[in-house]
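One letter stands for each residue in the lines below.
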Number of protein chains: 2
Amino acid sequence: MPKRVDHAQRRVHVIDALVRVAAAEGLHAVTLRAVAAEAGMSLNLVQYYFQTKAHLLHAALERLEQQSHARWSARLGGLPLPVTAHAFIEAFLTEALPTDEASRAFHLVWTSYAVLAMTDPDLAAQPFAAGPDRLEGQLAAVLRQAQREGALDRQRNAANEAAHLLSLSHGLGTSVLVGQRTADSAMEILRAHLERLFPVPAPSPESAVGQAH
Amino acid sequence: MPKRVDHAQRRVHVIDALVRVAAAEGLHAVTLRAVAAEAGMSLNLVQYYFQTKAHLLHAALERLEQQSHARWSARLGGLPLPVTAHAFIEAFLTEALPTDEASRAFHLVWTSYAVLAMTDPDLAAQPFAAGPDRLEGQLAAVLRQAQREGALDRQRNAANEAAHLLSLSHGLGTSVLVGQRTADSAMEILRAHLERLFPVPAPSPESAVGQAH
DNA sequence: TTTTTCATCGTACAGCGGTACTATGAAAAT
DNA sequence: ATTTTCATAGTACCGCTGTACGATGAAAAA
């Protein structure tokens, strides 16, 4: 065998180029030639690593999901260690909002895929329900844990509250992306909701950890 | 002058065909030929009434907005007359969810336009911020009125609560459209939120009006 | 009756997008 | 040294899409 290139690496290179194009000009502007140009390679190469455009789009969607997973892990791993459910979920949802440029690109492309999934039957629908479903499950688990610890009212339906939070953050994210609202304003709304969800306990001066302003 | 056709009528006919195509196969499948076929006329006619595709898309967006306006008016006009803020807003948001097929089509196409607006600078962006902004204003006004009447806690920020409600309903609508959740489940979450927003007053047996099941 | 105006049609053209086919250099395997 | 294998390149083809350009019938206007 000759030059032996790492296929996986090339593929992520191409996918990243795709995401850049999609974030800048929209998913409808994602053409094999545009992706190839953005990736600095020829059209044939893109075809070589992804036989068809559908494969490329599918792979990109998968990578987006695992990328979001990685970002969340990093974010949540960096939290001060006595993690309250409040802090955990706030970090969770902050990461879901399009605050910086990278996050904006991610959110935009993800939403574009979501719209595709509404009509395209198989290609995008299957991996699309999986991601948010898993997220919702994780969130619900955290909420149930919070209920056990007394941080969250047991009257609430954890699954529904999780769905509520995710839908809210998604909707806020969209409104930020269309320029209707700033990311800060969206954060304010999210935080207000969280503060009602997790009412402040009696202030004990010994804990100086989760003191957000 | 010969046959003298009502242009406005023809235009809405074409636009309705566009919406049908977009709802069934996605906005990316909206081609002049497809719209013409769906409308039962020839390609030239569509060109005749809308000089360019951009004009057609723009006109369709405008119509979508005024259509939603009309639907809301009809819905809210049909409410039992001592309208509580709770009932008003519940109707408002129910109408925003993709419950029946018409509503689903509307929501899908609207979201498709939203995604377009995230990258296309002028064409869709301007009329797109206007619609939701106005809605948010109306909702906030209703909420403030409810605060004056004592139905809503004055601690709340009416503008933020309005944004919260709209973002939530949008997010829930999207999750319904991608098949992650049923419309009923979305309604349940919405209703739960509204019941926390408008805590039930002392039950007075003389009012038998807003008695949802 | 002739002419103008309007709605409608057929068709063509240029560009672009996905896909396929073939070639080529180079490194490993034989 | 020859052969095989792999990464890369060029290019061509076909279909689709937006747009433009004429043609036609018919009804109103002259």
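In this text the structure is predicted, and so the values were computed from the model without any measurement. (Residues numbered from 1 in each chain as written. Chains lettered and ligands numbered in written order. Predicted model: local features only at pLDDT ≥ 70, side-chain atom pairs only at ≥ 80, totals over all residues. Heavy atoms only, no water.)

1. Considering the packing of aromatic side chains
All names here are of chain A.
Here's step 1: Under the criterion given, the structure shown has eight aromatic pairs over all chains.
Here's step 2: Consider the rings of Phe 106 and Trp 110, whose centres lie 6.0 Å apart with planes at 20 degrees: the pair is stacked. A residue pair is termed a helical-turn pair when its members lie 3 or 4 positions apart in one helix, as Phe 106 and Trp 110 do in helix H6 (residues 101–117) at four residues.
Here's step 3: Assessed through its relative accessible area of 12%, Phe 106 is described here as buried.
Here's step 4: Every member of this aromatic cluster is reached through a ring pair, and the members are Trp 72, Phe 88 and Phe 92. (Phe/Tyr/Trp six-rings, centres within 6.5 Å; stacked < 30°, edge-to-face > 60°. Helix = DSSP H or I, 4+ residues; strand = E, 2+ residues; numbered from the N terminus. Buried < 20%, exposed > 50% of the residue type's maximum accessible area, 1.4 Å probe, protein only.)

2. Here we look at the interface of chain A and chain B
Here's step 1: Residue-level contacts link 41 residues of chain A with 41 residues of chain B.
Here's step 2: For the pair chain A and chain B, the summed buried surface comes to about 3,200 Å²; carbon and sulfur atoms form 60% of the total.
Here's step 3: Together, Met 118, Gln 180 and Arg 196 of chain A form the three largest contributors to the area buried by chain A at its contact with chain B, with a combined 19%.
Here's step 4: Counting the contacts that link chain A with chain B gives two salt bridges.
Here's step 5: Glu 136 of chain B serves as the salt-bridge partner of Arg 181 of chain A, at 3.2 Å between the closest nitrogen and oxygen.
Here's step 6: The interface formed by chain A and chain B contains nine residue pairs in polar contact (both at pLDDT 80 or more).
Here's step 7: When contributions to the side of chain A that touches chain B are tallied by element, the ones reaching two or more residues are helix H1 (7–25), H6, helix H7 (125–149), helix H8 (158–177) and helix H9 (183–197) of chain A.
Here's step 8: Here the side of chain A that touches chain B takes eleven residues from H8 of chain A, the largest share from any one element.
Here's step 9: Residue classes in the side of chain A that touches chain B are distributed as 16 nonpolar, 15 polar and ten charged. (Contact = heavy atoms within 4.5 Å. Buried area = accessible area lost by both parts, 1.4 Å probe. Salt bridge = Lys/Arg side-chain N within 4 Å of Asp/Glu carboxyl O. Polar contact = N/O pair within 3.5 Å; in protein donor to acceptor, adjacent residues only side chain to side chain. Nonpolar A, V, L, I, M, F, W, Y, C, P; charged D, E, K, R; others polar.)

3. Focus: the pattern of salt bridges
Here's step 1: Scanning the entire structure with this criterion turns up 18 salt bridges over all chains.
Here's step 2: Across the pair Glu 101 of chain B and Arg 104 of chain B runs a salt bridge, and its minimum N-O distance is 3.5 Å. One end of the pair, Glu 101 of chain B, and the other, Arg 104 of chain B, are both in helix H6 (residues 101–117), three residues apart, so they sit about a helical turn from each other.
Here's step 3: Here the salt bridges share partners, and the residues they tie into one network are Arg 71, Arg 75 and Glu 95 of chain A.

4. A look at the relation of the copies chain A and chain B
Here's step 1: Mapping chain A onto chain B calls for a screw motion: a turn of 180 degrees about the axis and a shift of 0.0 Å along it, with 0.1 Å RMSD after fitting. The superposition operator between the copies reduces to a two-fold rotation axis.
Here's step 2: Both copies share a contact surface, since 100% of the interface residues of chain A are interface residues in chain B too. (Least-squares fit on C-alpha atoms with pLDDT ≥ 70 in both.)

5. Notes on helix H8 (residues 158–177) of chain B
Each full turn of the α-helix corresponds to 3.6 residues, which orients residues three or four apart in the same direction.
Residues and elements named next belong to chain B.
Here's step 1: Taking 1.5 Å per residue, 20 residues should reach 28 Å; H8 reaches 28 Å between its end C-alpha atoms and fits that length.
Here's step 2: By the criterion of burial, H8 is predominantly enclosed, with 19 of the 20 residues buried.
Here's step 3: Where H8 starts, the residue carrying a side-chain oxygen 3.0 Å from the main-chain nitrogen of Ala 159 turns out to be Asn 157.
Here's step 4: After H8 finishes, the residue Gly 179 shows a positive phi value of roughly 85 degrees. (Expected span 1.5 Å × (residues − 1).)

6. What to know about the packing of helix H5 (residues 85–96) of chain B against helix H9 (residues 183–197) of chain B
A pair of packed helices is characterised by two quantities: the angle between their axes and the separation of those axes.
Residue and element names in this part refer to chain B.
Here's step 1: Between H5 and H9, whose axes approach to 11 Å, the crossing angle comes to 155 degrees. Classified by the interaxial angle, the pair formed by H5 and H9 is roughly antiparallel. Where H5 crosses over H9, the handedness of that crossing is right-handed. From H5, His 86, Ile 89, Glu 90, Leu 93 and Thr 94 reach across to H9, where they touch Met 187, Leu 190, Arg 191, Leu 194 and Glu 195.
Here's step 2: Looking at side-chain class alone, the contact of H5 with H9 contains five nonpolar, two polar and three charged residues. (Axes fitted to C-alpha atoms, helices over the stretch in contact; angles between N-to-C directions. Parallel < 35°, antiparallel > 145°, perpendicular 65-115°, else oblique. Left-handed = near helix turned anticlockwise from the far one by under 90°.)

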